[in-house]
Amino acid sequence: MATITIVGLGYVGLVYGAAFADLGNTVWGLDIDTEKIAKLRRGVVPIYEPGLHELVRRNVEAGRLRFTSDYAEAIPEAEFVFICVGTPSTVDGDADMRAVRAAAESIGRHLRGQTIIVNKSTMPIGSGDLVAMLIEHVKPADASFAVVTNPEFLREGSALHDVFHPSRIVLGAEDRQAAERVADLYRVLNAPVLITDRRSAEMIKYASNAILATRISFINEIAQICEQVGADIKVVAQGMGYDPRIGPLFLEAGIGFGGSCFPKDVRALAYMAEEVGCHPQLLHAVLEINQDQRRRFVRKLTELLGDLHGRPIALWGLAFKQDTDDVRESPALDVLRMLLQRGAVVSAYDPAAIVNAAREIPEAQYVTDPYAAVAGADALVIATPWNEFKQADLRRVRDLMRTPIILDGRNIYEPDEVRSLGFTYVGVGRGH
Ligand SMILES: NC(=O)c1ccc[n+]([C@@H]2O[C@H](COP(=O)([O-])OP(=O)(O)OC[C@H]3O[C@@H](n4cnc5c(N)ncnc54)[C@H](O)[C@@H]3O)[C@@H](O)[C@H]2O)c1
């Protein structure tokens, strides 16, 4: 069993800290956010991720998982240090590496003996070299280290499942032995392991996110055409998905992708491509279609209702997808902003993301009950496909609304069923 320190306890770091502890390792979770550390020490998990609270609690109680803000406490004894800090977009689309740089230098100063540094954050191609250089400059003379790139593919909302049942473990290293040692940490999970160079490993992450985002923009473009020619995108996607060369996943039309990964990673890949003289037309189109999709969606509402000024609108969904409280680059928040800018009086509900949304858009009105949101509304807008919305009592919704209109940005309902209840229903790409 290994001694591991996880640097950065966000959606990735906290899940990994708890998971590695659960596999029997001794883990320090480190974050510079002292409030977060104080919460974790009190047993409060600061993010919503199904199963995470229990996993953290179990491992803290077993003494395998501890939290600190102090690099001097957590780094010297560690055999492995995982960098899991955020790499958000800069204004020009590049990945913001300030947190990675700061973490690398703090780690470097406290190294002792032999340590393997694992880059788990999504970092631009060449970042393995950068982290190695930063650490080399500040580390004690007698400390030695290797940097292994280990990109992460977990999905928020099913992070625990993904961590314990990974589709693959990708490791990039100049030092094969170091990569093998990181592979050993994952061995019990029985996943395919791919060991390559650091740059290829870094590119695998960006290219993987880019193709998934491309599939979403592709199906959204097909959905736009479906609307004009009277075809139903749900059936079209189903028919396409049976083909094993195509597959059914990531072919759901809607208001587009969001979250803390796809938009920023596609932007960063396009930025990198341009920096090296390439012309990433497809990546730009993927992003453009994604933004258009939100605007087109809100336009449908104005086509139905006319001027939105002063109109009461219910919004169901704020998180960027179901089963998370994450609102980073959430399409739902963009829809909310557009509705507010058009003067609508929005009453918004989400099962998990209200606190985070209110931090971003304090001027909106939030309610803690989905039926309170629809009371007196002229339209119900669905922006996140939570199960709770799929199972809603639509008769009750209809009776509470002033005008029974549903604008379904996630195609969670069947048009005929909803119309038979007396609603005007508009989805994305659902025929005429
Ligand atoms: N969220 C996902 O679903 C997901 C999936 C795959 C990969 N990734 C990648 O993993 C990385 C982390 O993503 P996240 O969503 O967990 O991030 P996050 O923003 O939720 O968390 C990052 C954490 O790092 C901490 N931090 C910042 N600077 C620090 C420093 N110098 N020392 C210690 N801690 C520091 C922050 O306080 C924060 O708690 C990103 O590069 C992301 O692209 C994320």
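All of these numbers come straight from a predicted model, not from anything done at the bench.

This paragraph deals with the environment of Met 133. Its location among the elements puts Met 133 in helix H6 (residues 127-138). Exposure remark for Met 133: the 12 C-beta atoms within 10 Å place this residue in the exposed category. Along the primary structure Met 133 and Glu 77 are separated by 56 residues, whereas in three dimensions their C-alpha atoms are 22 Å apart.

Before going further, it helps to spend a moment on the site of the ligand. Within the structure, the ligand sits among 26 residues, and Gly 8, Gly 10, Gly 86, Ser 121 and Thr 122 are positioned closest to it. Of all the elements, helix H5 (residues 98-109) adds the most residues to the shell around the ligand, at three residues. A breakdown of the residues in the shell around the ligand according to their chemical character gives 13 nonpolar, eight polar and five charged.

For a regular strand, the rule is simple: side chains alternate between the two faces of the sheet. Of the pairings in the sheet, the one linking strand S5 (residues 114-119) to strand S6 (residues 144-149) comprises six bridges and is parallel in character. The partner of Val 118 across the bridge, within S6, is Val 148. Following the backbone out of S5, through H6 and into the adjacent parallel S6, one traces a crossover that is right-handed. Two elements, S6 and strand S7 (residues 169-173), share two bridges in a ladder whose sense is antiparallel. Each bridged residue has a counterpart across the sheet, and for Thr 149 the counterpart in S7 is Gly 172.

Right, let's talk about the packing of helix H12 (residues 281-305) against helix H13 (residues 331-341) for a bit. Closest axis-to-axis distance for the H12/H13 pair is 10 Å, and the angle between their directions is 45°. Classified by the angle their axes make, H12 and H13 are oblique. Classified by chirality, the crossing of H13 by H12 is right-handed. Taking contact as the criterion, the partners of Arg 294, Phe 297 and Val 298 in H12 are, on H13, Pro 331, Asp 334, Val 335, Met 338 and Leu 339. By residue class, the composition of the contact of H12 with H13 is six nonpolar, no polar and two charged.

Further remarks concern the domain arrangement of the protein. Taken as a whole, the protein is organised into domain 1 (3-196) and domain 2 (241-426). Between the C-alpha centres of domain 1 and domain 2 the distance comes to 32 Å. On the domain 2 side, the residues contacting the 17 residues of domain 1 number 16 residues. By residue class, the composition of the side of domain 1 that touches domain 2 is eight nonpolar, five polar and four charged.

Let us now look at the nonpolar core. Counting 130 residues, the largest nonpolar core has Leu 380 and Val 381 as its most contacted members. Taken together, domain 1 (3-196) and domain 2 (241-426) each give at least three residues to this core, which thus spans both.

It is worth spelling out the sheet that holds strand S11 (residues 365-366) at this point. To summarise the sheet geometry, strands pair through backbone hydrogen bonds and adopt either a parallel or an antiparallel arrangement. One open sheet holds the six strands; their spatial order is S11-S10-S9-S12-S13-S14, and the pairing between them is parallel. Strands at the two margins of the open sheet, each flanked by one partner only, are S11 and strand S14 (424-426). Judged from the two bridges that link them, strand S10 (residues 345-349) and S11 form a sheet pairing that is parallel. When the sheet's bridge partners are listed, Ala 348 is paired in S11 with Tyr 366. Its contacts with the sheet put H12 on strand S12 (379-382), strand S13 (405-408) and S14, and the angle it makes with S12 is roughly 170°. Docked against the sheet, H13 engages strand S9 (312-316), S10 and S12, running at close to 160° with respect to S10.

The rules behind these values
Per chain, residue numbering runs from 1 following the sequence as it is written. With the structure being a predicted model, the display of local features is reserved for residues of pLDDT at least 70 and the display and counting of side-chain atom pairs for 80 or more, all residues being used for whole-chain, interface and lining totals. Counting from the N terminus, the helices are DSSP H or I runs at least four residues long and the strands are E runs at least two residues long. Residues with at least 20 other C-beta atoms within 10 Å of their own are called buried, those with 12 or fewer are called exposed, and the rest are partly exposed. The C-beta atoms themselves are positioned from the backbone. Near residues are defined by distance alone, with the backbone-placed C-beta atom required to lie within 6 Å of the molecule or strand. Amino acid classes used here: Ala, Val, Leu, Ile, Met, Phe, Trp, Tyr, Cys and Pro are nonpolar; Asp, Glu, Lys and Arg are charged; the rest, including Gly, are polar. Only strands that DSSP links by at least two bridges are regarded as paired with each other. Here is how to tell: hold the view so the strands point away, follow the path from the first strand over the helix to the second, and if it runs clockwise the crossover is right-handed. Think of each axis as a best-fit line through the C-alpha atoms, taken over the contacting stretch in the case of a helix, with angles from 0 to 180 degrees between the N-to-C directions. Orientation categories follow fixed angle ranges, with anything under 35 degrees roughly parallel, anything over 145 roughly antiparallel, 65 to 115 roughly perpendicular, and all other angles oblique. Note: crossing handedness is left-handed where the near helix turns anticlockwise from the far helix by less than a right angle, and right-handed where it turns clockwise. By definition, residue pairs are in contact when their C-beta atoms, positioned from the backbone, come within 7 Å. Boundaries of every domain are those given by an automatic assignment or by a domain database. Buried Ala, Val, Leu, Ile, Met, Phe, Trp, Tyr and Cys residues form a nonpolar core when they are connected through C-beta atoms within 7 Å.

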